[in-house]
Amino acid sequence: MKIRTRIAPSPTGKDVHVGSVATALMNFAWAKKHNGQFIVRIEDTDQSRLVLGGEKKMLETLESIGLHADESPIMGGPFAPYRQSERLSIYKKFAQDLILTNKAYYCICTPERLGEMRQKQQSLKQMPKYDRHCLTHQKEVIQKIEKGVPHVIRLLMPEKIITFHDLIRGDITIDTNNLDDQVLLKSDGFPTYHLGVVVDDHLMEITHIIRGEEWLPSTPKHIILFEAFGWKAPEFAHVSVLRNPDKSKLSKRKNPVWTSEYIEKGILKEALLNYLSLMGWSHPEGKEVFTLEEYIKVFDIKDVQTTAPVFDPIKLEWMNGMYIRQSQTSNLKSQIYEFYKGKYSEEMIEKTIPLIRERIKKLSDYEPMCEFLFSTPQVYEVDFGKYKDLLISMHQSLMLVADWKALIIGAAMGELAKDKGVKNSEFFMVLRAAMTGKKISPPLNESMELLGKEECLLRLQKLR
Ligand code: GLU
């Protein structure tokens, strides 16, 4: 069997959520592991919640981090269109098919009537559920619809106990008696999520639906719909949603949730995917750092855990630091160059890499750490007031250094500190601040070698 997985995001945010990337990653891996296809379908049927530009950004981010879709609104594919708002006639036809087979019915109840009904049910402590008023008057209802009265199509929910198998959670049994007659087609001609998702998963030949656990209550409704159409349902797997380290639900208020915010902070896509792959799953050999190719090889849906995975941005940064330390110089150079959009020359970046590789955790740490190598400091963390004489001596002594190499610079300065009777810690704090503006910097002697003799002398002169 050809394996086909999908994600079906709704563009209701300004980008793709990191939790959705974690789910997308499993879908991607499951498809690739079996030489199958990974599909991205846009579910934009709730027009009132659409965020302008959200879809474009979402698709761009997924591509840019390497979760390439085989079929999508951009890639096209054999089942195009992949955007639900462009498939309205398909849903309408399928909803009408269900009417013909008595699996669905028309409803013209007004929001006012539905509101009153719900209130009554609440006061009687009954479960809020459509009372099938229109089902008992279908002839009249159809006549009114022909005259232009707004209407929806509702599923006639059968009464039965259904059991389905979740690849992560095992067998789940529910009594459909507790389920409402779902609206399938809304009065604006758009399908509801339930109709759209089932029709598309069937037509697009999806074999595995791996999605967040928040969709678990919808699954019985989908299974009933697959049965009503006479279609075989795909396999289901519901993954737990990501939590903050304090176990609260991931939300914008505590940490960034949009994927591009992490990329813009200088998290490498390889590190992000590696970290997200560990959300609810662990490597069979207990490894923490591995490539996407390796993940695809060893990933198995059945190994996914149901415990809520903790998404900790601090741990992600730590992992990113590991990736930076292990990157080849040429790779890291291009990543820094691209991150700063060509602001610093590749040649100079390359020279700085040995100084900073061990010290940065994310690409955005590079500039604050290295900007002194590209321009003279404008602010200083040290007050040089009482060090004027020392600065003059440093200048004089460095003038005499002929071979401008880190070791020789260091030796000359060590000697001067001794001569002057200044403690090394204080002496180098002053020299470091004079060169870099800061009390903490990459290794000083090496930085001075990179800056060059002339520039170092100029920086000292400026402060005398
Ligand atoms: N449109 C739903 C979402 O926004 C898709 C849920 C599903 O995967 O079935 O995530």
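Please refer to the structure placed before this passage.
In this report, we go over the structure that sits alongside the text.

Reading guide: rules and limits
Residues numbered from 1 in each chain as written. Predicted model: local features only at pLDDT ≥ 70, side-chain atom pairs only at ≥ 80, totals over all residues. Heavy atoms only, no water. Phe/Tyr/Trp six-rings, centres within 6.5 Å; stacked < 30°, edge-to-face > 60°. Buried < 20%, exposed > 50% of the residue type's maximum accessible area, 1.4 Å probe, protein only. Lys NZ or Arg CZ within 6 Å of the ring centre and 35° of its normal. Helix = DSSP H or I, 4+ residues; strand = E, 2+ residues; numbered from the N terminus. Expected span 1.5 Å × (residues − 1). Contact = heavy atoms within 4.5 Å. Near = heavy atom within 4 Å. Polar contact = N/O pair within 3.5 Å; in protein donor to acceptor, adjacent residues only side chain to side chain. Areas by Shrake-Rupley, 256 points an atom, 1.4 Å probe, with all protein chains shown as cover. 1 Å grid on protein atoms, 1.4 Å probe; cavity = no way out; pocket = protein on both sides within 12 Å on 5 of 7 lines; lining within 4 Å. Sits in = over half its atoms within 2 Å of the grid points. Nonpolar A, V, L, I, M, F, W, Y, C, P; charged D, E, K, R; others polar. Core = buried A, V, L, I, M, F, W, Y, C linked by side-chain atoms within 4.5 Å.

### Here we look at the packing of aromatic side chains
Counting across every chain of the model gives 22 aromatic pairs. Aromatic pair Tyr380 and Phe384: ring centres 5.5 Å apart, planes at 75°, arrangement edge-to-face. For Phe384, a relative accessible area of 6% translates into the label buried. Within the aromatic cluster, the residues linked to one another by ring pairs are Trp30, Trp281, Phe290, Tyr295 and Phe299. Above the ring of Phe94, the side-chain terminus of Lys93 is found at 4.3 Å from the ring centroid.

### Here we look at helix H17 (residues 424-436)
The terminal C-alpha atoms of H17, which comprises 13 residues, lie 17 Å apart, in line with the 18 Å expected from a rise of 1.5 Å per residue. Phe427, Phe428, Val430, Leu431, Arg432, Ala433, Ala434, Met435 and Thr436 are the residues of H17 that are buried. Elements that come into contact with the buried residues of H17 comprise helix H14 (366-374), helix H15 (388-399), helix H16 (406-420), helix H18 (444-451) and helix H19 (453-463). Backbone geometry just after H17 places Gly437 at a positive phi near 85°.

### Observations concerning the site of the ligand
Around the ligand, a shell composed of Arg6, Ala8, Ser10, Glu43, Tyr193, Val197, Arg211 and Trp215 is seen. At a separation of 2.8 Å, a nitrogen atom of the ligand approaches a polar backbone atom of Ala8. Compared with its free state, where it exposes 300 Å², the ligand has 84% of that area covered by protein. Given that more than half its atoms are within 2 Å of the pocket grid, the ligand belongs to the largest pocket. Looking at the shell around the ligand residue by residue, the class counts come to 4 nonpolar, 1 polar and 3 charged.

### Thoughts on the nonpolar core
Membership of the largest hydrophobic core comes to 95 residues, with the highest contact counts inside it found for Phe311, Met394, Met413 and Leu431. Among the elements that make up this core, the one with the highest residue count is helix H1 (residues 18-33) (10 residues). The contact partners of Phe311, leaving out residues within four places of it in the chain, are Val18, Leu242, Arg243, Asn244, Pro245, Leu250, Tyr262, Tyr275, Leu276, Met279 and Leu316. With 44 residues, the next largest nonpolar core counts Leu114, Ile172, Leu225 and Phe226 among its residues.

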